[in-house]
Every structure is written in structure tokens, then in C-alpha cells.
Amino acid sequence: RNENLYRPSIQDDSKSDRTHDQYIIYTPRLAGHFTGTGDVCAALFLGWTADNDHGGENVGSCLSCTLEKLAGVMQAIVKRTADAAERKQSSSSSIGEVKVVSCRELQLIQSRDDILNPPKKFRAMRVN
């Protein structure tokens, strides 16, 4: 399969049996290696889960929504970065003119709209 599998889990302390809710999200795999994706992912996850006002939703449903937003935003950022890297490398006459690392810098500024309005492209499925 050409898909990544994300399987985050969270412990809901309100449950008496101390079980963990687990979710699975399938996203298309994008070619390449990108520096900083883990940092961006962690920052977005923390920001979206730090808000204690869940609007009456339970923690599990908030987690699934957060994971869905996270998958959509990360996919958009990495796709935009991969496309920009390909354009930079194809417009260069030699590989020496364009450093590979600079081509793989995350396109965060260009992804502002996706970060503020996460695309809803993926579904978190609860598994236990």
C-alpha cells in the first residue's frame, strides 16, 4: 500500500477502566524528506488540543477532529513544499545551483490559509 498510517492514542482519565482511545488515519504518501514536519505537527496538535473549551464535545470526538485537521494541514504543507522543490530544481541548470536542503524548506508562510482553515480531506476512524 502506498499510504501512511497514523495511530495516535490518548488516555481519557474519566474512564474507570483506564482504556486508551485510538484512531487511525490513512493519508497518501508523498515522496521526499522534509525537515521540520515533526515540529510543525507537534505545535499544531498542542495548539488545537490546549483549548479546554470543547464546545460540549467529549475529549474523544475533539481528538478525532484535531487529528483530521492535523492530517489535512500536514498533507497540504508537505505537498506545497514538494511542488515548490520540484519547480526550483527543474528551473536550475545544475544541481549545484540549488541546494537540496533549501528546496525542502517547509512552505509555512505559503500554507497560512491551510493552517487557519484546515482542509477536511481525511477521516479519523476509532479503533479499539
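Residues numbered from 1 in each chain as written. Predicted model: local features only at pLDDT ≥ 70, side-chain atom pairs only at ≥ 80, totals over all residues. Heavy atoms only, no water.

**A word on the pattern of salt bridges**
Per the stated rule, a full pass over the model turns up 4 salt bridges. Taking the shortest distance from any N to any O, the salt bridge between Lys 79 and Asp 83 comes out at 3.1 Å. Of this pair, Lys 79 and Asp 83 both sit in helix H2 (residues 59-91), separated by 4 residues, roughly a single helical turn. What makes Lys 79 partly exposed here is its relative accessible area of 40%. Judged by its relative accessible area of 30%, Asp 83 is partly exposed. As a salt-bridge pair, Arg 112 and Asp 113 come within 3.8 Å of each other at their nearest N and O atoms. No difference in accessibility class separates Arg 112 from Asp 113, as the two residues are exposed. (Salt bridge = Lys/Arg side-chain N within 4 Å of Asp/Glu carboxyl O. Helix = DSSP H or I, 4+ residues; strand = E, 2+ residues; numbered from the N terminus. Buried < 20%, exposed > 50% of the residue type's maximum accessible area, 1.4 Å probe, protein only.)

**What about the nonpolar core?**
Judged by nonpolar contacts, Phe 34, Val 40, Leu 44, Leu 70, Val 73, Met 74, Ile 77, Val 78, Ala 82 and Leu 106 together constitute the single largest core of 10 residues. Mapped onto this core, the elements with two or more residues apiece are helix H1 (37-50) and H2. Ranked by residue count, the leading element in this core is H2, at 6 residues. Sequence-distant contacts of Met 74, defined by excluding residues within four places in its chain, comprise Thr 37, Val 40, Cys 41 and Leu 44. Within the second largest apolar cluster, 7 residues are counted, among which are Ile 25, Leu 63, Ala 71 and Ala 124. (Core = buried A, V, L, I, M, F, W, Y, C linked by side-chain atoms within 4.5 Å. Contact = heavy atoms within 4.5 Å.)

**Overview of the side chain of Gln 107**
Residue placement: Gln 107 occurs in the loop between helix H3 (100-103) and helix H4 (112-116). Here the side chain of Gln 107 touches Gln 110 through a polar contact of 3.1 Å, side chain to side chain. (Polar contact = N/O pair within 3.5 Å; in protein donor to acceptor, adjacent residues only side chain to side chain.)

**Comments concerning the environment of Val 127**
Examined against the element boundaries, Val 127 turns out to sit in strand E4 (residues 125-127). For Val 127, a relative accessible area of 25% puts it in the partly exposed group. Taking the C-alpha atoms as reference points, Val 127 and Ile 24, 103 residues apart in sequence, are found 7.0 Å from one another.

**Looking at the confidence of the model for the protein**
Residues of the protein with pLDDT of at least 70 account for 66%, and the chain-wide mean is 78. Predicted confidence in the protein is weakest over strand E2 (residues 9-11), with a mean pLDDT of 51, and strongest over H4, with 96. (pLDDT = per-residue confidence, 0-100.)

**Some points on the environment of Trp 48**
In this structure, Trp 48 sits in helix H1. Measuring from C-alpha to C-alpha, the distance between Trp 48 and Thr 66 comes to 6.5 Å, with 18 residues separating the pair along the chain. Excluding residues that lie within four positions of it along the chain, Trp 48 makes contacts with Thr 66, Lys 69, Leu 70, Val 73, Ile 115 and Pro 118.

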